[in-house]
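Residue-level listing of the chains:
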Amino acid sequence: MKKANKKELDINELQGVSGGYLGEVTGDSELLHNLGLIDEELGLFDLLIHWESNSAKVDEGWGKVGVTCESVYDFSNAYFYQGKKISRTKAYEIAKNAVLKGPQIKH
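Rules and cut-offs
Residues numbered from 1 in each chain as written. Predicted model: local features only at pLDDT ≥ 70, side-chain atom pairs only at ≥ 80, totals over all residues. Heavy atoms only, no water. Phe/Tyr/Trp six-rings, centres within 6.5 Å; stacked < 30°, edge-to-face > 60°. Helix = DSSP H or I, 4+ residues; strand = E, 2+ residues; numbered from the N terminus. Buried < 20%, exposed > 50% of the residue type's maximum accessible area, 1.4 Å probe, protein only. pLDDT = per-residue confidence, 0-100. Contact = heavy atoms within 4.5 Å. Patch = residues over 30% accessible without salt bridge, like charges linked within 9 Å, V, L, I, M, F, W, Y side chains within 5 Å. Areas by Shrake-Rupley, 256 points an atom, 1.4 Å probe, with all protein chains shown as cover. Salt bridge = Lys/Arg side-chain N within 4 Å of Asp/Glu carboxyl O. Expected span 1.5 Å × (residues − 1). Arc of directions from axis to C-beta.

Side note on the packing of aromatic side chains
A full pass over the atoms with the stated rule returns 3 aromatic pairs. Seen from their ring centres, Trp-51 and Tyr-73 are 5.3 Å apart, and the 85 degrees between their planes marks the pair as edge-to-face. With Trp-51 in helix α4 (residues 51-63) and Tyr-73 in the loop between β1 (67-70) and β2 (78-81), this residue pair connects regions lying 22 residues apart in the sequence. According to the relative accessible area criterion, Tyr-73 is partly exposed, its value standing at 38%. Centre to centre, the rings of Trp-62 and Tyr-79 are 5.6 Å apart; their planes meet at 75 degrees, and the pair counts as edge-to-face. With Trp-62 in helix α4 and Tyr-79 in strand β2, the pair connects residues that are 17 residues apart, well separated along the chain. The exposure class of Trp-62 is buried, given its relative accessible area of 0%. Here the aromatic residues Trp-62, Tyr-79 and Tyr-92 are joined through ring pairs into a cluster of three or more.

Have a look at this one:
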């Protein structure tokens, strides 16, 4: 018998395989919470039980760094910055850079 290589899936990969993208919103909440942009990290259970109010918290967190996020329960989220659609990776980069730079004062 041949031994197969096994790989454990993380929560984001598992959600993609099972057809849902709640993992994107939970991942976004983790990032935004770690950056201090939302008060709590939301898990799958939180989102399943209270989708509208909890996904709105995540979307509001994105808004604090100028990113508009349209969280979607069963498909990929859509991210926008300065009126243009961007990738999730780019949205993460923008959020991290905004927090690291802090408030910018223009003279």
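Let us keep going from here.
A few points about the confidence of the model for the protein chain
Parts of the model with low pLDDT should not have their predicted coordinates read in detail. Chain-level statistics for the protein chain give a pLDDT mean of 82 and a share of 76% at 70 or above. Below a pLDDT of 50 lies the segment residues 13-20, which in the model reaches 9 contacts outside its immediate sequence neighbourhood of four places, other chains included.

Points about a nonpolar patch on the surface
Judged by side-chain polarity, Phe-45, Leu-48, Ile-49 and Tyr-73 come together as a nonpolar surface patch covering roughly 430 Å² of accessible area. Note that Ile-49 resides in helix α3 (residues 44-49).

Concerning helix α5 (residues 88-101)
The periodicity of an α-helix, 3.6 residues per turn, causes residues three or four places apart in sequence to face the same way. Taking 1.5 Å per residue as the helical rise, α5 with its 14 residues ought to reach 20 Å, and the 20 Å between its terminal C-alpha atoms agrees with that figure. Within α5 the residues assigned to the buried category are Ala-91, Tyr-92, Ile-94 and Ala-95. For α5, the buried positions fall inside an angular range of 160 degrees around the axis, keeping them on one side. Facing away from the buried side of α5 by more than 90 degrees, the exposed set consists of Thr-89, Leu-100 and Lys-101. The secondary structure elements touched by the buried residues of α5 are α2 (22-34), α4, β1, β2 and β3 (84-86).

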